[in-house]
Amino acid sequence: MTAHFVDRFPSQARLVRAAFLASFVAFGIGAVFGLIQAFHRTGTYRFLESADYYTVLTGHGVFLVISFVVFFLVGLFHWAVTDSLDREPVDTRLSWAWYGLMVVGSILVAITILGGFLPEPPSVLGAPLSADVLFTFYAPLLANPLFYLGLAIFFAGTWLAGLDWFLTWRAWKREHADRRIPLPTFMVLTTMLMWYLGSVGVIVSILFFLLPWSLGVVETINPLLTRTLFWYFGHMVVYFWVLPAYLLWYNVLPKLSGGRLFSDPLARVVFILFVLLSTPVGIHHQYLDPGIAEGFKFVAMTNTMFLLLPSLLTAFTVVASMEHGARQRGGTGLLGWIRDLPWSDAAFTGMALSGAVFAFGGFTGIVNAGMNVNYLVHNTLWIPGHIHTQVGTATALSLMAGSYWLVPQLTGNRLVGRQLALGQVVLWFLGIVFMTNAMYRGGLFGIPRRTAEPQYGFEYDVGIGSVAELDAQIALGGTLLFISGALFLALMALTAFNADSEPLVDGEIPPPLSGPGDSPAILDNLGLWAGIAIVLLVLAYALPLASIVRSGGLFDTGIDPYPVVVAAREAPISSITAPP
């Protein structure tokens, strides 16, 4: 057994632990908001007025799918680069700088969101201290300038994190010119290339439109333009959230299974495909938007279908790796080997269950991607059902399960409550099954999402159950998820202070069955893949964006959101007209 990460790189272990701490704090807040949502929408119990539901909805999205996931991602990626390259970063001050920027940005965003709970939010920078703009923070809804400033600082931190890892790799490459990029580092670098290319859209929207608009520098902006720039980023970011899970599935899951990764070259191809295909498809989120030609939407739909390829390659490679491990442990038979997998290990079981849910979510994603079928489920409960199977399980459950393997190596402490950890991941799986099953079926009912007052009361059976039954499942699923999340945080806290035990975790990743030498070196040409990705982005977005600007201008078409916000806070809920 090799020395643990904390013994080899103590200063870097501190940084990774700090990133995980920020991630877990955000997870705790977001989990509370999730329980409030589940109870409020279903009428189980209402902790607050319906006008404040949108503050909770915004916080749930931002704290969980931005702060929790991205802070865990940067911690995991920093571990992966340091461990696989077996070297310290070029400049540790840069590492702590990007962490500090992300923390400052998150605090500003959190203050702005939580300010919305105040009966009369104070005026800051000339606007109420609130941000009831949901996770999809495009116009016409408008937040306090601190919200956009915090987002900009947070994004700057992530860009510096990527720079830190690229500089570390370049320094390693000068010393190992004849070696291929280690697979974990390759995954980190390609993911960050995807992030750089995809986050440009939302950064432009924030810095040049939303922030000046919130400060009163410009009076109006083009809502369709900010929406399109957001979704230019908005589909890529889903893969940015999922690829940390992929990193764990490809590197850690085969080891936990008792074997080795089936194919290093296939893993590299998968990550290259995400660089190329994840961003030019964002318009498929805008099938119902006027102002974008149907031809552009059809192209986005076609491109989206190609994203099935990396998912299918991943399913094949990961399952083959698991089968190899099971057979190394004595498994036999066509499917009998499944029994010999280490199901008593919480880290393995959590990742395996998250992969199973991810596969189901991928099939439902095909529905979202198809133009004609999308019209049936657009803006219904089907969409959050899909999101919770993907980011809420494939990512969240994988990260929790991965923590049971990684945190002991970062702390030097033995994991507390191994059987409780196993129960925790199973409980999360059950909660997601109950909740998303009801959401998918509710979406087929036409029950809307992102509303505090759905006012649906169909109690007769139309083949997919009654609304009362669906509400009960959502409330039950939300409760199980909250209990599971609280148990996870408790186990992490107890492990962090369990300093009198050895970790008993082998952190060495075995070499793959098919190594990087079995593939052409061109796969490691990051500049080539970035160049092709840029060409695809220009082809996908140049004409639609030009058409939007030509018809609506950059700043000439705008909608004042404040009457909507004021109505939501002052008028009876039944009299509120939903914003466009």
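Residues numbered from 1 in each chain as written. Predicted model: local features only at pLDDT ≥ 70, side-chain atom pairs only at ≥ 80, totals over all residues. Heavy atoms only, no water.

Moving on: the overall build of the protein chain. Regarding its fold elements, the protein chain presents 19 helices and 2 strands. In summary, the protein chain has a C-alpha radius of gyration of 23 Å against a globular reference of 25 Å for 580 residues, a match within 12%. Structurally, the protein chain occupies a C-alpha span of about 65 × 50 × 45 Å along its principal axes. Here the protein chain, with 580 residues, has 60% of them falling under the buried criterion. By sequence separation, contacts in the protein chain at least 24 residues apart represent 81% of the contacts at least 6 residues apart. Of the roughly 22200 Å² that the protein chain leaves accessible, carbon and sulfur atoms contribute 68%. Averaging the positions of the 27 positive and the 33 negative side-chain charges in the protein chain gives two centres separated by 7 Å. (Helix = DSSP H or I, 4+ residues; strand = E, 2+ residues; numbered from the N terminus. Rg over C-alpha atoms; globule rule 2.2 N^0.38 Å. Buried < 20%, exposed > 50% of the residue type's maximum accessible area, 1.4 Å probe, protein only. Contact = heavy atoms within 4.5 Å. Areas by Shrake-Rupley, 256 points an atom, 1.4 Å probe, with all protein chains shown as cover. Lys, Arg positive; Asp, Glu negative; His and termini not counted. Charge placed at Lys NZ, Arg CZ, Asp CG, Glu CD.)

The next point concerns the packing of helix H15 (residues 382-411) against helix H17 (residues 467-496). Helix packing geometry: the angle between the two helix axes and the distance between the axes. Relative orientation of the contacting elements H15 and H17 amounts to 10 degrees, with a least axis distance of 11 Å. As summarised for this structure, H15 and H17 are arranged roughly parallel, according to the angle between their axes. Counting all contacts with H15, which are made through Met400, Ser403, Tyr404 and Val407, the residues of H17 involved are Phe488, Leu491, Met492 and Thr495. Of the residues assigned to the contact of H15 with H17, the class counts are 6 nonpolar, 2 polar and no charged. (Axes fitted to C-alpha atoms, helices over the stretch in contact; angles between N-to-C directions. Parallel < 35°, antiparallel > 145°, perpendicular 65-115°, else oblique. Nonpolar A, V, L, I, M, F, W, Y, C, P; charged D, E, K, R; others polar.)

The next thing to look at is the packing of helix H8 (residues 236-251) against helix H12 (residues 308-328). Where H8 meets H12, the axes come as close as 10 Å, and the angle between the chain directions of the two elements is 30 degrees. Between H8 and H12, the interaxial angle falls into the category roughly parallel. Remark: the crossing between H8 and H12 carries left-handed chirality. Touching Tyr246, Trp249 and Tyr250 of H8 are Ser311, Leu313, Thr314, Thr317 and Val318, all from H12. Of the residues assigned to the contact of H8 with H12, the class counts are 5 nonpolar, 3 polar and no charged. (Left-handed = near helix turned anticlockwise from the far one by under 90°.)

Residue position: Tyr440 is located in helix H16 (residues 418-445). In the structure, Tyr440 is positioned 32 residues away from Pro408 in sequence and 37 Å away in space, judged by C-alpha atoms. The contact partners of Tyr440, leaving out residues within four places of it in the chain, are Phe360, Gly361, Thr364, Trp382, Gly385, His386 and Thr389.

Quick look at the environment of Gln409 now. By the element assignment, Gln409 lies in helix H15. Separated by 97 residues in sequence, Gln409 and Asp506 have C-alpha atoms that sit 8.5 Å apart. Ignoring anything within four residues of it in the chain, the contact list for Gln409 reads His4, Phe5, Val6, Val505 and Gly507.

General note: in soluble globular proteins, nonpolar side chains tend to be found buried as a group. With 175 residues, the main nonpolar core has Phe147, Trp165, Tyr246 and Tyr404 as its most contacted residues. The dominant element in this core, judged by the number of residues it contributes, is helix H3 (residues 53-85), at 19 residues. For Phe147, the contacting residues outside a window of four places in its chain are Val109, Thr112, Ile113, Ala131, Val133 and Phe137. (Core = buried A, V, L, I, M, F, W, Y, C linked by side-chain atoms within 4.5 Å.)

This next bit is on the side chain of Arg41. Mapped onto the secondary structure, Arg41 falls in helix H2 (residues 10-42). Asp471 is the oppositely charged side chain nearest to the buried, salt-bridge-free Arg41, at an N-O distance of 6.4 Å. (Salt bridge = Lys/Arg side-chain N within 4 Å of Asp/Glu carboxyl O.)

For helix H7 (residues 223-234), built from 12 residues, the straight-helix expectation of 16 Å at 1.5 Å per residue is met to within 8% by its first-to-last C-alpha distance of 16 Å. Listing the buried residues of H7 in full gives Pro223, Leu224, Leu225, Thr226, Arg227, Thr228, Leu229, Phe230, Trp231, Tyr232, Phe233 and Gly234. Next to the buried residues of H7 lie helix H5 (145-175), helix H6 (183-215), H8 and helix H18 (526-552). Its side-chain oxygen 3.1 Å from the backbone nitrogen of Leu224, Asn222 forms the N-cap of H7. (Expected span 1.5 Å × (residues − 1). Polar contact = N/O pair within 3.5 Å; in protein donor to acceptor, adjacent residues only side chain to side chain.)

Right, let's talk about a nonpolar patch on the surface for a bit. Where nonpolar side chains cluster on the molecular surface, the patch consists of Leu308, Leu312, Phe363 and Ile366 and spans about 380 Å² of accessible area. Secondary structure elements with two or more residues in the nonpolar patch: H12 and helix H13 (346-369). Its place among the elements puts Phe363 in helix H13. The class for Phe363 is exposed, based on a relative accessible area of 58%. (Patch = residues over 30% accessible without salt bridge, like charges linked within 9 Å, V, L, I, M, F, W, Y side chains within 5 Å.)

Before going further, it helps to examine unusual backbone geometry. With an omega of 15 degrees, the peptide bond between Ala139 and Pro140 qualifies as cis. Here Pro140 lies in the loop between strand E2 (127-128) and H5. Residue Leu125 is not a glycine yet carries a positive backbone phi of 55 degrees. Locating Leu125 in the fold gives a position in the loop between strand E1 (123-124) and E2.

Side-chain pairs of opposite charge can arise whenever the charged atoms involved come near each other. In the structure shown here, the tally under the stated rule is 11 salt bridges. When the shortest N-O distance is used, the salt bridge between Arg8 and Asp86 registers 3.3 Å. Of this pair, Arg8 sits in helix H1 (residues 5-8) while Asp86 sits in the loop between H3 and helix H4 (92-115), and the two are 78 residues apart along the sequence. Among the salt bridges present, the one from Asp289 reaches Arg227, with a minimum N-O distance of 2.4 Å. Remark: Arg227 occurs in helix H7 and Asp289 occurs in the loop between helix H10 (264-277) and helix H11 (294-306); sequence separation between them is 62 residues. Look at Arg227 and you get buried, because its relative accessible area is 15%. Through salt bridges with shared partners, a single ionic network connects Arg180, Asp264, Arg268 and Asp524.

Inspection of every chain in the model, using the stated rule, returns 50 aromatic pairs. Pairing Phe27 with Trp428 gives two aromatic rings, centres 6.1 Å apart and planes at 35 degrees, and the pair type is tilted. With Phe27 in helix H2 and Trp428 in helix H16, the pair connects residues that are 401 residues apart, well separated along the chain. Trp428 gets classed as buried once you look at its relative accessible area, which sits at 8%. Sitting over the ring of Phe186, Arg268 keeps its end group 5.0 Å from the ring centre. (Phe/Tyr/Trp six-rings, centres within 6.5 Å; stacked < 30°, edge-to-face > 60°. Lys NZ or Arg CZ within 6 Å of the ring centre and 35° of its normal.)

Quick look at the side chain of His40 now. With respect to the helices and strands, His40 occurs in helix H2. Here His40 falls in the buried class, since its relative accessible area comes to 0%. Excluding its chain neighbours within four sequence positions, the residues that come into contact with His40 are Tyr45, Arg46, Leu48, Glu49, Ser50, Tyr53, Ala452 and Glu453.

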